[in-house]
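Close look at the chain arrangement
What follows is the residue order along each chain.
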Protein chains: 2
Amino acid sequence: MNNQFEHINNSHQKIVEVARELFMEMGYRAVSTRKIAEICGITQPTLYHHFKNKKALYVEVLKSELLKMQTALREIIKKHGNDIEECLFQVTYHILMNKPSSMGQMFHDIEKELGEEDKKEIDKWWIESYQLPIASIFEKGIKEGQIRNPIEFGSYPIPSAYLLLNLISSNYRDVQLQEHIAKEQARFYTNVLLYGLAPLR
Amino acid sequence: MNNQFEHINNSHQKIVEVARELFMEMGYRAVSTRKIAEICGITQPTLYHHFKNKKALYVEVLKSELLKMQTALREIIKKHGNDIEECLFQVTYHILMNKPSSMGQMFHDIEKELGEEDKKEIDKWWIESYQLPIASIFEKGIKEGQIRNPIEFGSYPIPSAYLLLNLISSNYRDVQLQEHIAKEQARFYTNVLLYGLAPLR
DNA sequence: TTATGATTTTATCAGTTGATAGGTTTCTGT
DNA sequence: ACAGAAACCTATCAACTGATAAAATCATAA
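Throughout what follows, the structure given in this document is the object of discussion. (Residues numbered from 1 in each chain as written. Chains lettered and ligands numbered in written order. Predicted model: local features only at pLDDT ≥ 70, side-chain atom pairs only at ≥ 80, totals over all residues. Heavy atoms only, no water.)

1. A closer look at the relation of the copies chain B and chain A
Superposing chain B onto chain A takes a rotation of 180 degrees combined with a translation of 0.0 Å along the rotation axis, leaving an RMSD of 0.0 Å. The two molecules are tied by a two-fold rotation axis, judged by turn and shift. (Least-squares fit on C-alpha atoms with pLDDT ≥ 70 in both.)

Written as structure tokens, this is what we have:
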């Protein structure tokens, strides 16, 4: 019934969706406001009715991206929280399949293209979406003795989380992973992370 | 005596150096030919006397960057080749300290901004500079029983090399690492890579 | 000295970019 | 039906981009 509201949401949401696809694929600089508008089927100045400027649109894209990941990771951790190996595998697999094609590019854009205030806000969202959920897995693992003693090995939850995230988020080829290959890769990552490449002595 | 030759080299080399710093820090798109020229102390059209176009300059920057890394890694491997743990640590530490501040951005630029023929050439150089040297460490480790059986664990040399490279090359913060922090991080990476986060049973 | 070629400069172009002003259409609540 | 707001459009701007043409400077070899 509230056609106005739906209409706003439709345009707004479509712009964010299109922008996310382009920004994450090509990077902030390589995507023009005209290209976004064209794909949305609107004219370029209309974008500026929905968003203050290009940066604001990018920030909104990042927020929606991070929020989606936060929801998904919490779900996975709730489901497999009792089995740390399976939990890490599922998290790794999910990120591999659903992350932006080039997270390195995304981090670079956040660092170089946004202002201080935006950066801080995105940082907050990033921590809640990626860092805390994954660190919580390792924290539980340490408590239950499935992860080495951090004091001896340096395996504190947050550094461990970043180690896993670095492992996942970088990819020297930007290829989109196929399902079974991503599963294989996630399994390899998880195995190495937990048990290492050296044979048991 | 050959003043002409020196002069060419001076300009040429200075342009490449300045361009490398800017390209690696800001990314291909964010660096204008005018900015490079300004820092070099020359006018922008002069760049086009030394390089066919912006892309050609970027390719040259990448080549010099990769060549430097190739030389360094071969040196390290020759020196510590008999001790796989120390060798991996030294390689990890060296890359952490000397890599471009954002390798993710670099990969993205290679993938999206270069043509097919340039991409293939850079790929060749990349393999010789990073992939083969690091894979050779794991290959030796497998032969000598310091790395698990690849058939059982999936720890083939090249996937293992990429695992380590992914670990190193990504950094969600683009901060320049300080020496002792990089050493600590390299040690942590090497330890996890070889022995895993799970305690020995 | 002088001719030649390498190097660099000035002037300029055409295309793209993010952004704004001002008018027009569309929708909504009364 | 109508007032007001929201959504969208046309036209346009100033800045910046990579690139080229043509002239000027410079070093070098004869």
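2. Considerations on the interface of chain B and chain A
Each side of the interface is counted separately: chain B has 47 residues, and chain A has 46 residues. Carbon and sulfur atoms make up 59% of the area that chain B and chain A hide from each other, which totals about 4500 Å². At the junction of chain B with chain A, the criterion picks out two salt bridges. For the interface between chain B and chain A, the tally reads 21 residue pairs in polar contact (both at pLDDT 80 or more). The residue inventory of the side of chain B that touches chain A, partitioned by class, reads 22 nonpolar, 16 polar and nine charged. (Contact = heavy atoms within 4.5 Å. Buried area = accessible area lost by both parts, 1.4 Å probe. Salt bridge = Lys/Arg side-chain N within 4 Å of Asp/Glu carboxyl O. Polar contact = N/O pair within 3.5 Å; in protein donor to acceptor, adjacent residues only side chain to side chain. Nonpolar A, V, L, I, M, F, W, Y, C, P; charged D, E, K, R; others polar.)

3. Details of the environment of Ser136(B)
Residue and element names in this part refer to chain B. If you trace the backbone, Ser136 turns up in helix 7 (residues 116–143). Residue Ser136 is classed as partly exposed on the basis of its relative accessible area, which comes to 31%. Here the alpha-carbon distance between Ser136 and Arg34, two residues 102 residues apart in the chain, equals 42 Å. (Helix = DSSP H or I, 4+ residues; strand = E, 2+ residues; numbered from the N terminus. Buried < 20%, exposed > 50% of the residue type's maximum accessible area, 1.4 Å probe, protein only.)

4. Section: helix 9 (residues 157–169) of chain A
For helix 9 of chain A, spanning 13 residues, the distance from its first C-alpha to its last is 18 Å, which sits close to the expected 18 Å at 1.5 Å a residue. A large share of helix 9 of chain A lies buried, amounting to eleven of its 13 residues. When we look at burial in helix 9 of chain A, the residues that qualify are Pro157(A), Ser160(A), Ala161(A), Tyr162(A), Leu163(A), Leu164(A), Leu165(A), Asn166(A), Leu167(A), Ile168(A) and Ser169(A). Against helix 5 (84–98), helix 6 (103–113), helix 7 (116–143) and helix 10 (179–195) of chain A together with helix 9 (157–169) and helix 10 (179–195) of chain B lie the buried residues of helix 9 of chain A. (Expected span 1.5 Å × (residues − 1).)

Honestly, that's just the spatial picture; any functional story needs more than this.
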